[in-house]
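# A look at the structure
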Amino acid sequence: MPYTYEDVGATREDRCPPGFHRLHVRSRIGEGEAVFRRASEALMTWELHRAMGIRMVSDADKAAPGVDVTVGLGLIKAPCRVVWTAEEPRRTAWAYGTLSGHPECGEEAFVVNRTGDGTVWLTVTAFSRAAKWYARAGGAVTRSFQRAYALRCGKVLRRLCAPHDEA
């Protein structure tokens, strides 16, 4: 199944194609190598999303390019495919793009990084536009929901890493 947009992988360069709405939310998770490792694991294994109450249905245990995943929230099922991943000493990330049937059209990236001072951050970036009538009808409310979702990702990941925050 093909992606529902053309600029596949644009989140890797933090680009927003013309005609899409941009989202950028950065949340402090904690400090230290142990927090970074724990946050990276929770991100790559779908644990972060599942801890938020999101259904992540995939045959793969871990995010990897080409892995299909259906994101479920209530009655909404949103098919996606992992576009890119990164597992580096100070940065772990993945992004998925929308497939046919998703209420939105676009891409979303989740990046955990550890800065030079040891602070661990989660950055959620996305570009999207409505693909289904109910997403179009939601307009600004839909975009507010996306921002609230990204902020909640940070809060939940911080909670998942809290026992390790002493490192």
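This structure is a prediction, so every number in the text was calculated from the model and none was measured. (Residues numbered from 1 in each chain as written. Predicted model: local features only at pLDDT ≥ 70, side-chain atom pairs only at ≥ 80, totals over all residues. Heavy atoms only, no water.)

## Some thoughts on a nonpolar patch on the surface
A contiguous nonpolar patch, built from Ile76, Trp133 and Tyr134 and spanning about 340 Å² of accessible area, is present on the exposed surface. Note that Tyr134 resides in helix α3 (residues 133-161). (Patch = residues over 30% accessible without salt bridge, like charges linked within 9 Å, V, L, I, M, F, W, Y side chains within 5 Å. Areas by Shrake-Rupley, 256 points an atom, 1.4 Å probe, with all protein chains shown as cover. Salt bridge = Lys/Arg side-chain N within 4 Å of Asp/Glu carboxyl O. Helix = DSSP H or I, 4+ residues; strand = E, 2+ residues; numbered from the N terminus.)

## Some remarks on the nonpolar core
Generally speaking, soluble globular proteins have nonpolar side chains that are buried together. Counting residues in hydrophobic clusters, the biggest one holds 36 residues, and the most contacted among them are Trp94, Tyr96, Phe110, Leu122 and Leu157. Elements with a contribution of two residues or more to this core: β1 (21-31), α1 (33-44), β3 (68-73), β4 (76-88), β5 (91-98), β6 (104-114), β7 (119-130) and α3. Top contributing element to this core by residue count: α3, with seven residues. Within the second largest apolar cluster, twelve residues are counted, among which are Tyr5, Ala93, Ala95 and Val111. (Core = buried A, V, L, I, M, F, W, Y, C linked by side-chain atoms within 4.5 Å. Buried < 20%, exposed > 50% of the residue type's maximum accessible area, 1.4 Å probe, protein only.)

## Description of the sheet that holds β4
Pairing within the open sheet is antiparallel, and its seven strands lie in the order β1-β7-β6-β5-β4-β3-β2. Edge positions in the open sheet fall to β1 and β2 (55-57), since each of these has one partner strand only. The sheet shows a mean angle of 25 degrees between the axes of neighbouring strands, direction not considered. In the packing of α3 onto the sheet, the strands contacted are β1, β3, β4, β5, β6 and β7, and the crossing angle to β1 comes to about 15 degrees. (Pairing = 2+ DSSP bridges. Axes fitted to C-alpha atoms, helices over the stretch in contact; angles between N-to-C directions. Contact = heavy atoms within 4.5 Å.)

## Some points on the packing of aromatic side chains
Taken as a whole, this structure holds eight aromatic pairs when the rule is applied. With a centroid separation of 5.7 Å and an interplanar angle of 80 degrees, the aromatic rings of Tyr5 and Phe127 are classed as edge-to-face. Remark: Phe127 occurs in strand β7 and Tyr5 occurs in the segment before β1; sequence separation between them is 122 residues. Take Tyr5: its relative accessible area is 6%, and that puts it in the buried class. Here Phe127 falls in the buried class, since its relative accessible area comes to 1%. Seen from their ring centres, Trp46 and Trp94 are 5.3 Å apart, and the 80 degrees between their planes marks the pair as edge-to-face. Taken together, the residues span a long stretch of sequence, with Trp46 in the loop between α1 and α2 (47-51) and Trp94 in strand β5 at a distance of 48 residues. The class of Trp46 is buried, set by a relative accessible area of 0%. Here Trp94 falls in the buried class, since its relative accessible area comes to 0%. One aromatic cluster in this structure is built from Tyr3, Tyr5, Phe20 and Phe127. (Phe/Tyr/Trp six-rings, centres within 6.5 Å; stacked < 30°, edge-to-face > 60°.)

## A look at α1
The first and last C-alpha atoms of α1 sit 16 Å apart over twelve residues, in line with the 16 Å expected at 1.5 Å per residue. Taking burial as the measure, the twelve residues of α1 include nine buried ones, the bulk of the element. Considered for burial, the residues of α1 that qualify are Ala34, Val35, Phe36, Arg38, Ala39, Ser40, Ala42, Leu43 and Met44. (Expected span 1.5 Å × (residues − 1).)

## Description of the layout of surface pockets
Here the largest pocket is characterised by a volume of approximately 570 Å³. What lines the largest pocket is a set of 25 residues, and nearest its centre among them are His102, Pro103, Glu104, Phe145 and Gln146. Secondary-structure elements contributing two or more residues to the lining of the largest pocket are β3, β4, β5, β6, β7 and α3. It is α3 that provides the largest number of residues to the lining of the largest pocket, a total of six residues. Per-class residue counts for the lining of the largest pocket are 15 nonpolar, seven polar and three charged. (1 Å grid on protein atoms, 1.4 Å probe; cavity = no way out; pocket = protein on both sides within 12 Å on 5 of 7 lines; lining within 4 Å. Points joined across faces, edges and corners; volume = space filled by probe spheres on them. Nonpolar A, V, L, I, M, F, W, Y, C, P; charged D, E, K, R; others polar.)

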